[in-house]
Amino acid sequence: MQNDVMVSVENLSLEFGPTERPVKILRDVSLKARAGRFLTIVGESGCGKSMTAHSIIGLQPEGARITSGRITLPEGDSTIDLLQLEQYGKRMRSIRGKRLGMVFQDTMSSLNPVHTVGRQVAEKLLTHTDLSKREARGKVTELFGQLGIPSPDERFDQYPHEFSGGMRQRVMIAMALINKPDLLIADEPTTALDVTIQAQIMDLLKRIAREQQKAVILITHNMGLVAQVADEVAVMYMGRVVEVGPRDEVFLNPAHPYTRALMASVPTLNMPRDTTLTTIPGSTPMPSEVGSIGCSFTSRCPFATPECLEWENNDVPVGPGHFSKCRLSKQGI
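Before going into details, it helps to say that this report is about the structure given with it. All of these numbers come straight from a predicted model, not from anything done at the bench. (Residues numbered from 1 in each chain as written. Predicted model: local features only at pLDDT ≥ 70, side-chain atom pairs only at ≥ 80, totals over all residues. Heavy atoms only, no water.)

### Focus on the state of the cysteines
Throughout the structure, instances matching the rule amount to 0 disulfides. Summary of cysteine pairing: Cys47 is not part of a disulfide, and the nearest cysteine sulfur, belonging to Cys295, is at 14 Å. Cys308 forms no disulfide, and the closest cysteine sulfur to it belongs to Cys295, at a distance of 6.2 Å. For Cys308, a relative accessible area of 8% corresponds to the buried category. (Disulfide = S-S within 2.5 Å. Buried < 20%, exposed > 50% of the residue type's maximum accessible area, 1.4 Å probe, protein only.)

Set out below in structure tokens:
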């Protein structure tokens, strides 16, 4: 059970704009989320982390075109490809609400201010089950209690503005978990929360993953969170997964120059006060400036050679389950 794949993303590509001059946002993204484990996706803002998550649950924005790839869930002895389903069709809606759950980043815009939080969570349950409203209320208040929301029966009838940021985030987690999905996606779930609440939320998600054997995809730019909870790490840059592997492998033996640069830019507790953090040289190119061939990090990479401009972005094996898109990875750069 520990290594059961709950969702598999294979060579996913997505673009915007006119077909004759498309802007590619995702480029051959491949990921696997396994039961009982945390997969974290890290990278700079705009690298494609959230777009990958929204594509998995079938909520990519208007104007986006998925041009290749598969997103598969296990179904009996076979699999189902989510990209073959109508985005807002009945089958996809049933899967999105029951087998896939998502905790969105902005809790205030994700919760309806004119409905009680309990009603909003119960609606998810009523849509996908035959429970009565009374039974649904009982399930919701029980989950509220498990998630550390005090006085859950009273809180059921309160509105989002009556909750703190940490409590609203717990409500969003309840909404994502109420139907016991196989996969939970958490998109920057601790944004704007203080460190104590952040730790509580992460401990909660990790406990749920372990005890209920859920797969969790955590999207973040916070490397401290990655070190705390991740089992596997996927590093994204300009719409590509440039490195993926077990957490300790990626942290202790980063193989892609971009991953190394990210690690070097993170402060540590034992760092001397006069230490100057390393910055990544240059600036992130626009998606329209990146071609389908060649490493997109070439213009900022201290190890780049002319051959990097012709690199096919193949996976280079570094260790067990550890791959890098850098052609120089095996040379120990």
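Once you've had a look at it, read on.
### Quick look at the packing of aromatic side chains
For any two aromatic rings, the description comes down to two numbers: the centre-to-centre distance and the angle of the planes. Under the definition given, this model contains 3 aromatic pairs. Taken together, a centroid distance of 4.6 Å and an interplanar angle of 45° make the contact between Tyr237 and Tyr258 tilted. Note that Tyr237 is positioned in strand 9 (residues 232-237) and Tyr258 in helix 11 (residues 257-264), a separation of 21 residues in sequence. In this structure Tyr237 comes out as buried when scored by relative accessible area, which is 1%. Here Tyr258 falls in the buried class, since its relative accessible area comes to 0%. Measuring from centroid to centroid gives 5.5 Å for Tyr258 and Phe297, while their planes differ by 70°, and the two rings are edge-to-face. Taken as a pair, Tyr258 in helix 11 and Phe297 in the loop between helix 11 and strand 11 (316-319) lie far apart in primary sequence, 39 residues in all. (Phe/Tyr/Trp six-rings, centres within 6.5 Å; stacked < 30°, edge-to-face > 60°. Helix = DSSP H or I, 4+ residues; strand = E, 2+ residues; numbered from the N terminus.)

### Examining the layout of surface pockets
Roughly 470 Å³ of volume is contained in the largest pocket. Looking at the lining of the largest pocket, the elements with two or more residues in it are helix 2 (90-98), strand 6 (100-103), helix 4 (117-128) and helix 7 (165-177). A breakdown of the residues in the lining of the largest pocket according to their chemical character gives 9 nonpolar, 8 polar and 5 charged. (1 Å grid on protein atoms, 1.4 Å probe; cavity = no way out; pocket = protein on both sides within 12 Å on 5 of 7 lines; lining within 4 Å. Points joined across faces, edges and corners; volume = space filled by probe spheres on them. Nonpolar A, V, L, I, M, F, W, Y, C, P; charged D, E, K, R; others polar.)

### Points about empty space enclosed by the protein
Per the stated rule, a full pass over the model turns up 3 cavities of 30 Å³ or more. Its boundaries defined by the atoms lining it, the largest cavity holds a volume of some 100 Å³. Taken together, 14 residues form the lining of the largest cavity, with Cys295, Thr298, Cys301, Cys308 and Cys326 sitting closest to its centre. In terms of residue class, the lining of the largest cavity is made up of 10 nonpolar, 2 polar and 2 charged.

### Observations concerning the pattern of salt bridges
For the structure on display, the rule yields 15 salt bridges. Across the pair Arg300 and Glu44 runs a salt bridge whose closest N-O atoms are separated by 3.6 Å. Highlighted residues: Arg300 in the loop between helix 11 and strand 11 and Glu44 in the loop between strand 3 (38-42) and helix 1 (49-56), separated in sequence by 256 residues. You can call Glu44 partly exposed: its relative accessible area is 25%. Salt bridges sharing common partners tie together Glu75, Arg91, Arg99 and Asp182. (Salt bridge = Lys/Arg side-chain N within 4 Å of Asp/Glu carboxyl O.)

### Regarding unusual backbone geometry
One non-glycine residue with positive phi stands out, namely Gln213, at about 55°. Considering the arrangement of structural elements, one finds Gln213 in the loop between helix 8 (195-212) and strand 8 (215-219). Take Gln213: its relative accessible area is 19%, and that puts it in the buried class. At Asn313, a residue that is not glycine, the phi angle is positive and equals roughly 60°. Summarising the element assignment, Asn313 is placed in the loop between helix 11 and strand 11.

### So, the pairing of strand 10 (residues 240-246)
Both faces of the sheet carry side chains from a regular strand, because those side chains alternate between them. For strand 10, the tally of buried residues reaches 5 of 7 residues, placing the bulk of the element in the interior. Bridge count between strand 9 and strand 10: 6 bridges; the pairing is antiparallel. Along strand 10, the bridge assignment pairs Met236 with Val241. Here strand 9 hands over to strand 10 after 2 residues, with Met238 in that stretch at a positive phi of 50°. Where strand 10 meets strand 12 (residues 322-324), 2 bridges bridge the pair, whose relative direction is antiparallel. Of the residues in strand 12, the one forming a bridge with Val244 is Phe323. (Pairing = 2+ DSSP bridges.)

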